[in-house]
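If you want the building blocks of each chain, they are given just below.
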Amino acid sequence: MSIKHLNQRDLADRWDVSEGSLERWRSVGIGPVYLKLQGHVLYRLEDIEAYEAASLHQSPSERVTEGGAA
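Before going into details, it helps to say that this report is about the structure given with it. (Residues numbered from 1 in each chain as written. Predicted model: local features only at pLDDT ≥ 70, side-chain atom pairs only at ≥ 80, totals over all residues. Heavy atoms only, no water.)

1. Re the packing of helix 1 (residues 8–15) against helix 3 (residues 45–54)
Right, so step 1: Put simply, helix 1 and helix 3 touch, their axes get as near as 12 Å, and they point 30 degrees apart. Here helix 1 lies roughly parallel to helix 3, going by the angle between them. Considering the relative orientation of helix 1 and helix 3, their crossing is right-handed. Contacts from L11, R14 and W15 of helix 1 reach helix 3 at L45, I48, E49, Y51 and E52. (Axes fitted to C-alpha atoms, helices over the stretch in contact; angles between N-to-C directions. Helix = DSSP H or I, 4+ residues; strand = E, 2+ residues; numbered from the N terminus. Parallel < 35°, antiparallel > 145°, perpendicular 65-115°, else oblique. Left-handed = near helix turned anticlockwise from the far one by under 90°. Contact = heavy atoms within 4.5 Å.)

2. Describing the packing of aromatic side chains
Right, so step 1: In the structure shown here, the tally under the stated rule is three aromatic pairs.
Right, so step 2: Residues W15 and W25 carry aromatic rings whose centres are separated by 6.4 Å and whose planes lie at 45 degrees to one another, so their mutual orientation is tilted. Taken together, the residues span a long stretch of sequence, with W15 in helix 1 and W25 in helix 2 (residues 19–28) at a distance of 10 residues.
Right, so step 3: With a centroid separation of 6.2 Å and an interplanar angle of 55 degrees, the aromatic rings of Y34 and Y43 are classed as tilted.
Right, so step 4: Judged by its relative accessible area of 38%, Y34 falls in the partly exposed class.
Right, so step 5: Each residue in the set W15, W25 and Y51 is aromatic and connected to the rest through ring pairs, giving one cluster.
Right, so step 6: Over the face of the ring belonging to Y34 we find R26, whose NZ or CZ atom lies 5.4 Å from the ring centre. (Phe/Tyr/Trp six-rings, centres within 6.5 Å; stacked < 30°, edge-to-face > 60°. Buried < 20%, exposed > 50% of the residue type's maximum accessible area, 1.4 Å probe, protein only. Lys NZ or Arg CZ within 6 Å of the ring centre and 35° of its normal.)

3. Points about the pattern of salt bridges
Pairing between side chains of opposite charge can happen when the charged atoms of each approach one another.
Right, so step 1: One pass over the structure, following the stated rule, counts four salt bridges.
Right, so step 2: Between R9 and E19 there is a salt bridge, with its nearest N and O atoms 3.6 Å apart. Pair noted here: R9 is in helix 1 and E19 is in helix 2, with a separation of 10 residues, a long-range link.
Right, so step 3: We classify E19 as partly exposed; its relative accessible area is 30%.
Right, so step 4: Overlapping salt bridges, with partners in common, bring together R44, E46 and D47 in one network. (Salt bridge = Lys/Arg side-chain N within 4 Å of Asp/Glu carboxyl O.)

4. Brief notes about the side chain of D47
Right, so step 1: Among the secondary structure elements, D47 is positioned in helix 3.
Right, so step 2: Looking at D47, the relative accessible area reads 16%, which means it is buried.

Set out below in structure tokens:
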């Protein structure tokens, strides 16, 4: 089992957002769960992918269910 972790910069690059946005989102409880180890914030790839899947929308009022269909 290989667990991949992304740091804040990696996730900011993946989502094309600033690191400051990720910091703000964490402070208000938005975004994927994260690890904080010895002062370093890490995100597990599986948690990022789960958050992305849960954030899929077919239209502004319709979330996409598992498998990509509404």
